[in-house]
Amino acid sequence: MFESFFPKPKIFFPSVLAWTAVGIFVWYILGDLIGAALGFPLPVQRDEPVIGLAYFYTPEFLWFYLFYAVWTLSFAAFWFVYSPHKWQMWSVLGSIFILFTTYFGVQVSVAINNWRRPFFDTFQTALSGDGTVTAWDLYSLTFLFAEIAFVSMGVFVITRFFVSHYVFRWRTAMNDFYMERWPRVRHIEGASQRVQEDTMRFASIMEGLGVAFVDAIMTLVAFLPVLWGLSQYVTELPIVGEIPHALFVALIFWAIFGTALLSLVGIKLPGLEFRNQRVEAAYRKELVYGEDDPNRAQPPTVNELFSNVRKNYFRLYFHYMYFNVARGFYLQADNIYVDILLVPTIVAGKITLGIWQQILTAFGQVSNSFQFLINSWTTIVDLLSIYKRLRAFEAVFRGEELNEIDRKYLEREASGIQPSPADPAPGEVGPDQAQSFEDKS
């Protein structure tokens, strides 16, 4: 899955993390000094943030573009020399491009958030009817929003278009990798399904989930400083009273609480999802055998296998019911949480309508990023199940030793004994054994 597309994955990915950590350290500790030495007037102190397209070519941004290009391309050059790879242009340079466009897209959201303050403050003044705000004041601010919106649309389209091609190249790399070994894998049960369906599903899930994950990380990087700065306007919270950086602390508490709550409530669901893969595969396999062998797929066997499918789905429905209740209550409470936090500040008249809008947007962006696992965990479970099936598939043609439960199913299948779908669910016997029944056979 990974060595087909990335050079030496076991070394490459740790090196990505290490190089990123060093880059972040250099940027935040020495970035201003290096930028000033190269002629960028840094740091630039402003009373008000830059509004409109000018936000994207301030000295800070121009210096960031240069730093990002030099830092990432030097990393790519090292890997091009150290471990040349057939797909390095897509896997290495493509990843660098996706990271940049995703970060730029998040900065578009920051630019829109900067625009909210002057627009809504002007809007609030206009409603007072004192005549100090003209129609052109509102028109000009609206035109600035349109400029940012067009940039946002363009970045989104380019990113999604490129990511689609990027992920399909990854699927192509996996397909080529497996097909080069087809003479060795063609006799493995379900080999065609692994090569065609699982690589397709792996690619499609990675396309959505991967971009969402990168976007969540980049949003945190971009909006946490914004939220930290806006916390100066909120010094008091309901019940708690005055605490330093109250808004920032309240967000961290809320995100940790929601993640812990829903992780606890949904703790049984991953095991049931894995078991579902297994009972469905057992039922499908018996039907496939019945196409060629009249002695297979007989009513008693089929009824038993489908009964297992039904039982597992009914268990899933029950556990999803209370999970969705907890998730629904949390997400609905999330919609009003920040409003409740701001009541003392609003009553005291410490913020304007524009600042209120900025706080709502920044809080919502950071909160959604922290809730990435909450909103995406079912997709993550599906991706893990695909990963495990492909990993077991690779283990067979690599000649790697199978775990105990894999060996058990192989032995039973080889001896002609029908494997029992009533065996313990993967989620009940440990994550390392959470393979579908189809993998075992």
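On a predicted model such as this, the values are computed, not experimentally measured, just so you know.

1. Points about the overall build of the chain
- Of the regular secondary structure elements, the chain holds 14 helices and two strands.
- Buried residues in the chain amount to 41% of all 441 residues.
- Restricting to contacts in the chain with at least 6 residues of sequence separation, those with at least 24 account for 78%.
- When the accessible surface of the chain is totalled, it reaches about 23,200 Å², and 66% of it is carbon and sulfur.

2. Focus on the nonpolar core
- Core analysis: the biggest nonpolar cluster contains 90 residues, and Tyr178, Leu227, Leu247, Ile359 and Phe363 have the highest contact counts within it.
- The element best represented in this core is helix H6 (residues 191-230), accounting for 15 residues.

3. Here we look at the pattern of salt bridges
- In this structure the tally under the stated criterion is two salt bridges.
- For Asp176, the salt bridge is made with Lys86, and the minimal N-O distance between the two is 3.8 Å. In this pair, Asp176 sits in helix H4 (residues 135-180) while Lys86 sits in the loop between helix H2 (59-82) and helix H3 (88-128), placing the two residues 90 residues apart along the sequence.
- Exposure remark for Asp176: the relative accessible area of 25% places this residue in the partly exposed category.
- We note a salt bridge from Arg296 to Glu286, for which the minimum N-O separation is 2.9 Å. Of the two residues, Arg296 is situated in the loop between helix H8 (269-292) and helix H9 (299-347) and Glu286 in helix H8; the sequence distance between them amounts to ten residues.

4. Structural notes on the packing of H3 against H6
- Relative to each other, H3 and H6 sit at 40 degrees, their axes nearing to 9 Å. Looking at the two axes, H3 sits oblique to H6. Note that H3 runs across H6; the crossing there is right-handed. Taking contact as the criterion, the partners of Leu99, Thr102, Tyr103, Val106, Gln107, Ser109, Val110 and Asn113 in H3 are, on H6, Val214, Asp215, Met218, Thr219, Val221, Ala222, Phe223 and Val226.
- For the contact of H3 with H6, the class distribution of residues is ten nonpolar, five polar and one charged.

5. Description of H3
- Along its 41 residues, H3 runs 60 Å from first to last C-alpha, staying within 8% of the 60 Å computed at 1.5 Å per residue.
- Of all the bends found along H3, the most pronounced is centred on Gly94 and spans about 30 degrees.
- Looking one or two places after H3, you find Gly129, whose phi comes out positive at around 75 degrees.

6. Some points on H2
- Across its 24 residues, H2 extends 35 Å between first and last C-alpha, which sits within 8% of the 34 Å expected from 1.5 Å per residue.
- Taken as a whole, H2 has its buried residues at Phe61, Trp63, Phe64, Phe67, Tyr68, Trp71, Thr72, Phe75, Ala76 and Trp79.
- Packed against the buried residues of H2 are helix H1 (9-37) and H3.

7. Let's talk about the confidence of the model for the chain
- Mean pLDDT for the chain: 81, with 88% of residues reaching 70 or above.
- Here helix H13 (residues 426-429) stands out as the element of the chain with the lowest mean pLDDT, 34, in contrast to H2, whose mean of 93 is the highest.

8. Some points on unusual backbone geometry
- Phi at Lys8 is positive, roughly 40 degrees, even though this residue is not glycine.
- Its identity is not glycine, yet His245 carries a phi of approximately 45 degrees, on the positive side.
- Mapped onto the elements of the fold, His245 is located in the loop between strand S2 (241-242) and helix H7 (246-265).
- Overall, the relative accessible area of 31% leaves His245 in the partly exposed class.

9. Structural notes on the packing of aromatic side chains
- This structure, assessed with the given rule, holds 55 aromatic pairs.
- An angle of 90 degrees between the planes, with centres 6.0 Å apart, marks the rings of Phe2 and Phe13 as edge-to-face. Note that Phe2 is positioned in the segment before H1 and Phe13 in helix H1, a separation of eleven residues in sequence.
- Residue class for Phe2 comes out partly exposed when judged on its relative accessible area of 30%.
- Pairing Phe12 with Phe75 gives two aromatic rings, centres 5.9 Å apart and planes at 50 degrees, and the pair type is tilted. With Phe12 in helix H1 and Phe75 in helix H2, this residue pair connects regions lying 63 residues apart in the sequence. The pair Phe12 / Phe75 is uniform in exposure class, with both members buried.

10. Quick look at the side chain of Ser231
- Along the chain, the position of Ser231 falls in the loop between H6 and strand S1 (236-237).
- Looking at Ser231, the relative accessible area reads 2%, which means it is buried.
- Beyond its immediate sequence surroundings of up to four residues, Ser231 is in contact with His245, Leu247 and Phe248.

11. Points about the packing of H6 against helix H10 (residues 353-370)
- At a closest axis distance of 9 Å, the pairing of H6 and H10 adopts a crossing angle of 140 degrees. For the pair H6 and H10, the crossing hand works out as left-handed. Side by side, H6 and H10 meet where Ala216, Thr219, Leu220, Phe223, Leu224, Val226, Leu227 and Leu230 of the first sit next to Gln358, Ile359, Ala362, Phe363, Gln365, Val366, Ser369 and Phe370 of the second.

12. Points about the UniProt feature "transmembrane region" (unreviewed entry) in the chain
- Listed under "transmembrane region" (unreviewed entry) in the UniProt record, and renumbered for this structure, are residues 12-42, 62-82, 89-112, 138-163, 209-231 and 243-267.
- The span residues 209-231 is 96% helical and 0% strand by assignment, and the distance between its end C-alpha atoms comes to 31 Å.

Conventions adopted
- Residues numbered from 1 in each chain as written.
- Predicted model: local features only at pLDDT ≥ 70, side-chain atom pairs only at ≥ 80, totals over all residues.
- Heavy atoms only, no water.
- Helix = DSSP H or I, 4+ residues; strand = E, 2+ residues; numbered from the N terminus.
- Buried < 20%, exposed > 50% of the residue type's maximum accessible area, 1.4 Å probe, protein only.
- Contact = heavy atoms within 4.5 Å.
- Areas by Shrake-Rupley, 256 points an atom, 1.4 Å probe, with all protein chains shown as cover.
- Core = buried A, V, L, I, M, F, W, Y, C linked by side-chain atoms within 4.5 Å.
- Salt bridge = Lys/Arg side-chain N within 4 Å of Asp/Glu carboxyl O.
- Axes fitted to C-alpha atoms, helices over the stretch in contact; angles between N-to-C directions.
- Parallel < 35°, antiparallel > 145°, perpendicular 65-115°, else oblique.
- Left-handed = near helix turned anticlockwise from the far one by under 90°.
- Nonpolar A, V, L, I, M, F, W, Y, C, P; charged D, E, K, R; others polar.
- Expected span 1.5 Å × (residues − 1).
- Bend = angle between axes of the 7 residues up to and from the residue.
- pLDDT = per-residue confidence, 0-100.
- Phe/Tyr/Trp six-rings, centres within 6.5 Å; stacked < 30°, edge-to-face > 60°.
- UniProt positions renumbered as here; feature names shortened; annotations may be inferred.

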